[in-house]
Amino acid sequence: MMRHRYVIANWKMNLPPEGIEPWADAINGADLATAALVVAPPFPYLERVRARLRDDIATAGQNCADQEKGAYTGEVSAAMLWETGARFVIVGHSERRSIYGEGDGIVARKLALAISTGLTPVLCIGESLRARDSGKVATVLADQLRACAQPALESAGEVILAYEPVWAIGTGRNATGSMVAETVGRIREALARFWPERFTTGAPILYGGSVTPDNVSDLVAHGTIDGFLVGGASLDSAKFAGIHAGMR
Ligand code: PEP
């Protein structure tokens with residue numbers, strides 16, 4: 001099955017130092033033949049970024065509420081993201097899981113709401129350093145995927161997975177290409193066990209964790225990765241474009 005390839009910018013609670021419009025103008029020059037581009041700015045900037053980007057470069061929410069609407073002060077619903085023009089949403093980012101205490105149940109509800117709204121979810125999974133050191137990577141990832149296995153997946157279009165080892169996010173310490181290739185194999189095994197069959201080979205799996213233009217070639221060399229979720233390096237248009245170009 002032909003899987004789509006993506007390179008996704010996650011600005012987190014930051015803006016590009018070069019400015020939003022200069023960043024977008026630089027990214028608008030990208031050649032999308034090898035991978036699509038998606039940009040996830042903080043909520044208040046979604047429309048501004050959408051307005052400046054080329055139509056075929058998408059925007060994404062970094063998060064969405066686990067409820068449809070109502071008395072949830074400070075939350076932003078999947079439907080509100082859609083209204084800004086966003087067509088993707090990141091769910092289950094490790095910073096949401098660890099800093100804001102989002103458990104598997106919350107992540108599963110967000111996934112379902114994203115799907116029912118028509119947003120393409122980018123579901124983040126990843127192990128802690130302790131889990132890796134104790135040989136529990138496959139178990140942790142399988143548990144995270146099993147927790148999200150639910151009827152909503154039957155009606156989903158694409159679901160993108162982002163394998164983001166917690167110890168590699170924002171640390172400058174990326175997983176190696178061979179490590180990622182091995183782990184992607186474990187993820188596909190877990191998908192085969194717990195998710196509807198078409199996801200086993202059909203779900204794009206991205207890698208995230210200290211990706212830079214310098215380590216991208218090792219990460220793509222193994223041929224198992226369908227793209228990247230990029231945090232820190234995505235704030236610099238030249239670095240982000242360099243990572244995207246490295247997908248070739
Ligand atoms: C992320 O936030 O998803 C991420 C991978 O961050 P960084 O690239 O900074 O490690």
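Residues numbered from 1 in each chain as written. Predicted model: local features only at pLDDT ≥ 70, side-chain atom pairs only at ≥ 80, totals over all residues. Heavy atoms only, no water.

Q: Where do I start with helix α1 (residues 20–27) in this structure?
A: Because each turn of an α-helix spans 3.6 residues, side chains separated by three or four positions in sequence point in the same direction. All of the buried residues in α1 are Ile20, Trp23, Ala24 and Ile27. The arc enclosing the buried residues of α1, seen along the axis, measures out at 95 degrees, which places them on a common side. Contacts from the buried residues of α1 go to β1 (6–10), β2 (36–40), α2 (46–52) and α11 (237–245). (Buried < 20%, exposed > 50% of the residue type's maximum accessible area, 1.4 Å probe, protein only. Helix = DSSP H or I, 4+ residues; strand = E, 2+ residues; numbered from the N terminus. Arc of directions from axis to C-beta. Contact = heavy atoms within 4.5 Å.)

Q: Mind showing me how you'd approach the sheet that holds strand β4 (residues 88–91) here?
A: With parallel pairing, the 8 strands of this closed barrel are ordered in space as β1-β2-β3-β4-β5-β6-β7-β8. Averaged over all pairs of adjacent strands, the angle between their axes in this sheet comes to 25 degrees, without regard to strand direction. Two strands pair when backbone bridges link them, and strand β5 (residues 120–125) and strand β6 (residues 160–163) are joined in this way by 4 bridges, in the parallel orientation. Across the sheet, the residue bridging to Val122 is Ile160, located in β6. Lying on the sheet, helix α7 (residues 137–148) is in contact with β5 and β6; it crosses β5 at an angle near 145 degrees. (Pairing = 2+ DSSP bridges. Axes fitted to C-alpha atoms, helices over the stretch in contact; angles between N-to-C directions.)

Q: For this particular structure, what's the right way to read the pattern of salt bridges?
A: Oppositely charged side chains may form a pair once their charged atoms are brought near each other. Tallied over the entire structure, the rule returns 14 salt bridges. Across the salt bridge formed by Arg97 and Asp104, the nearest N and O atoms sit 3.0 Å from each other. Residue Asp104 is classed as partly exposed on the basis of its relative accessible area of 32%. Between Lys110 and Glu102 there is a salt bridge, with its nearest N and O atoms 2.6 Å apart. You'll find Lys110 and Glu102 in the same group, each marked buried. Salt bridges sharing common partners tie together Arg3, Arg188 and Asp226. (Salt bridge = Lys/Arg side-chain N within 4 Å of Asp/Glu carboxyl O.)

Q: Help me understand the pairing of strand β3 (residues 58–61) in this model?
A: Two faces, one strand: in a regular strand the side chains alternate between the faces of the sheet. Side chains Ala58 and Ala60 of β3 all project onto a buried face; the interleaved residues Thr59 and Gly61 project onto the opposite face, where all are buried too. Pairing geometry for β2 and β3, over 2 bridges, is parallel. What sits directly across from Val38, in β3, is Ala58. For the crossover from β2 across α2 to β3, the handedness is right-handed. Crossover connection from β3 via helix α3 (residues 78–83) to parallel β4: handedness right-handed. (Right-handed = clockwise from strand over helix to strand, strands pointing away.)

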